[in-house]
Every structure is written in structure tokens, then in C-alpha cells.
Amino acid sequence: MDIFETTLPGHVVSTDVSRIQIDDLHDFLDQHSTWARGIPRETVGRAIAHSLNFGMYEDDDAARMVAFCRIVTDYATFGNLVDVFVAPDRRGRGLSKLLMSAVMAHPIVSGLRRFTLATNDAHSLYAKYGFTPLNSPETFMEIYRPGIYRT
């Protein structure tokens, strides 16, 4: 898969996996997220290896990842947006909007038949990018194990 990069005001978003600071990502997911507390670092590494990843880096500190998300996808028909975060010290600056603009500009995303996500509190953000409640929620099922990393 080719590396996708886009320059935004003061930032660059890249799908280059070699730029992702897995230790920082693991720390955020393990210690600060509401959805992946306790996740093992090895699990984060496997998730990165099997996803389309988007890291956001500040222009003045290209090494520091300030936002991240990934898409679990078959690269053809389906994608699920997960692990979206902005570093706590960078929140409130519109970075989630910049990140989502980059995600939506990726050529794979524009060709997906179905693109999903789950959110507890950011419905208005994602609605700006075309996400709506499930068209047919009665057709969806899940196995959900929210405490799996704690056992």
C-alpha cells in the first residue's frame, strides 16, 4: 500500500507506519482511553500491522504524534474507524477535524461501500463527515467484550 500524506495547517497526516510511536499509542490506549484500558502492547502492534493507520504530526516536531486513528478494512468494500484520539495537551484546537478531513480524503475511503464507527460522545463531529446512525440497525449484530483486556 502506498503511503498517503497530506499537509494541513501546522501539521502533516501520514499513513506511514514507520512514523507511529507505538509506545505512545499504547500508553494512550492503555491508560487514557475509555475503550481499550489494559490493552497489551503486543495487541496494539498487531492492530497497527493489520490496519490503515493515520498519524498526525506537528510541522515543528515531526517526530511527535499528536493525533491518531486507524481503519480496520479490506481495502475494497468495508472499513471501521477505530482508536481515534488527540493528545490531551493538543485538544480543543480542531485537530480532530483536521484528522477526519485527511481520513476522508484518502482514496481507499472514498471507494468503501460501508464505513462505520462507534462513538459515545462525538456524534456531531462525525456527522460533519457524512456519518449517520445505522441505516438498518436491526441487521447488525455483535459480540462485545468490553473488559477483555482486564482478564
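Residues numbered from 1 in each chain as written. Predicted model: local features only at pLDDT ≥ 70, side-chain atom pairs only at ≥ 80, totals over all residues. Heavy atoms only, no water.

I'm lost on the nonpolar core in this one. Help?
Most often, soluble globular proteins keep nonpolar side chains buried together rather than apart. If you look at the biggest cluster of nonpolar residues, it comprises 26 residues, and the most contacted ones within it are F54, M56, I71 and F115. At the level of secondary structure, the elements contributing two or more residues to this core comprise β3 (52-58), β4 (61-73), β5 (78-86), α3 (95-105), α4 (107-110) and α5 (123-127). Considering each element in turn, this core owes the most residues, five residues, to α3. Not counting residues within four places of it along the chain, the set of residues in contact with F54 comprises F4, V13, S14, T15, A67, F68, C69, I71, L99, A102, V103 and H106. Counting residues in hydrophobic clusters, the runner-up holds 13 residues, among them I20, L29, I39 and V44. (Core = buried A, V, L, I, M, F, W, Y, C linked by side-chain atoms within 4.5 Å. Buried < 20%, exposed > 50% of the residue type's maximum accessible area, 1.4 Å probe, protein only. Helix = DSSP H or I, 4+ residues; strand = E, 2+ residues; numbered from the N terminus. Contact = heavy atoms within 4.5 Å.)

Which parts of the structure should I look at to understand the environment of A76?
Following the sequence through the fold, A76 ends up in the loop between β4 and β5. Since its relative accessible area comes to 46%, A76 is described here as partly exposed. Every residue in contact with A76, bar those within four places of it in the chain, is listed here: G111 and L112.

I tried to follow the side chain of T116 on my own but got confused; where do I start?
By secondary structure assignment, the location of T116 is in strand β6 (residues 114-117). A polar side-chain atom of T116 sits 2.7 Å from a polar atom in the side chain of N80. Non-local contacts of T116, meaning those with residues more than four positions away in its chain, are made with F78, G79, N80, L81 and F131. (Polar contact = N/O pair within 3.5 Å; in protein donor to acceptor, adjacent residues only side chain to side chain.)

What is the right way to look at the pattern of salt bridges in this model?
Side-chain pairs of opposite charge can arise whenever the charged atoms involved come near each other. Here the structure, examined in full by the defined rule, presents six salt bridges. Across the pair R41 and D23 runs a salt bridge whose closest N-O atoms are separated by 2.6 Å. Of the two residues, R41 sits in helix α2 (residues 41-49) while D23 sits in helix α1 (residues 22-32), which places them 18 residues apart along the sequence. Residue D89 pairs with R90 through a salt bridge whose shortest N-O separation is 2.9 Å. Taking relative accessible area as the criterion, D89 reaches 42% and is therefore assigned partly exposed. Through salt bridges with shared partners, a single ionic network connects E58, R64, D89 and R90. (Salt bridge = Lys/Arg side-chain N within 4 Å of Asp/Glu carboxyl O.)

Just to check I follow, could you spell out the packing of aromatic side chains for this structure?
Pairs of aromatic rings are described using the distance from one ring centre to the other and the angle between the two planes. One pass over the structure, following the stated rule, counts five aromatic pairs. A network of ring pairs unites the aromatic residues F28, W35, F68 and F85 as a single cluster. R19 extends its terminal NZ or CZ atom over the ring of Y57, reaching a point 4.3 Å from the ring centre. (Phe/Tyr/Trp six-rings, centres within 6.5 Å; stacked < 30°, edge-to-face > 60°. Lys NZ or Arg CZ within 6 Å of the ring centre and 35° of its normal.)

Teacher, can you tell me more about the packing of α1 against α2 here?
Running from N to C, α1 and α2 point in directions that differ by 115°, and their axes come no closer than 10 Å. Crossing of α1 over α2 shows right-handed handedness. Between α1 and α2, the residues in contact are I22, D23, L25, H26 and L29 and R41, V44 and I48, respectively. The class makeup of the residues in the contact of α1 with α2 is five nonpolar, one polar and two charged. (Axes fitted to C-alpha atoms, helices over the stretch in contact; angles between N-to-C directions. Left-handed = near helix turned anticlockwise from the far one by under 90°. Nonpolar A, V, L, I, M, F, W, Y, C, P; charged D, E, K, R; others polar.)

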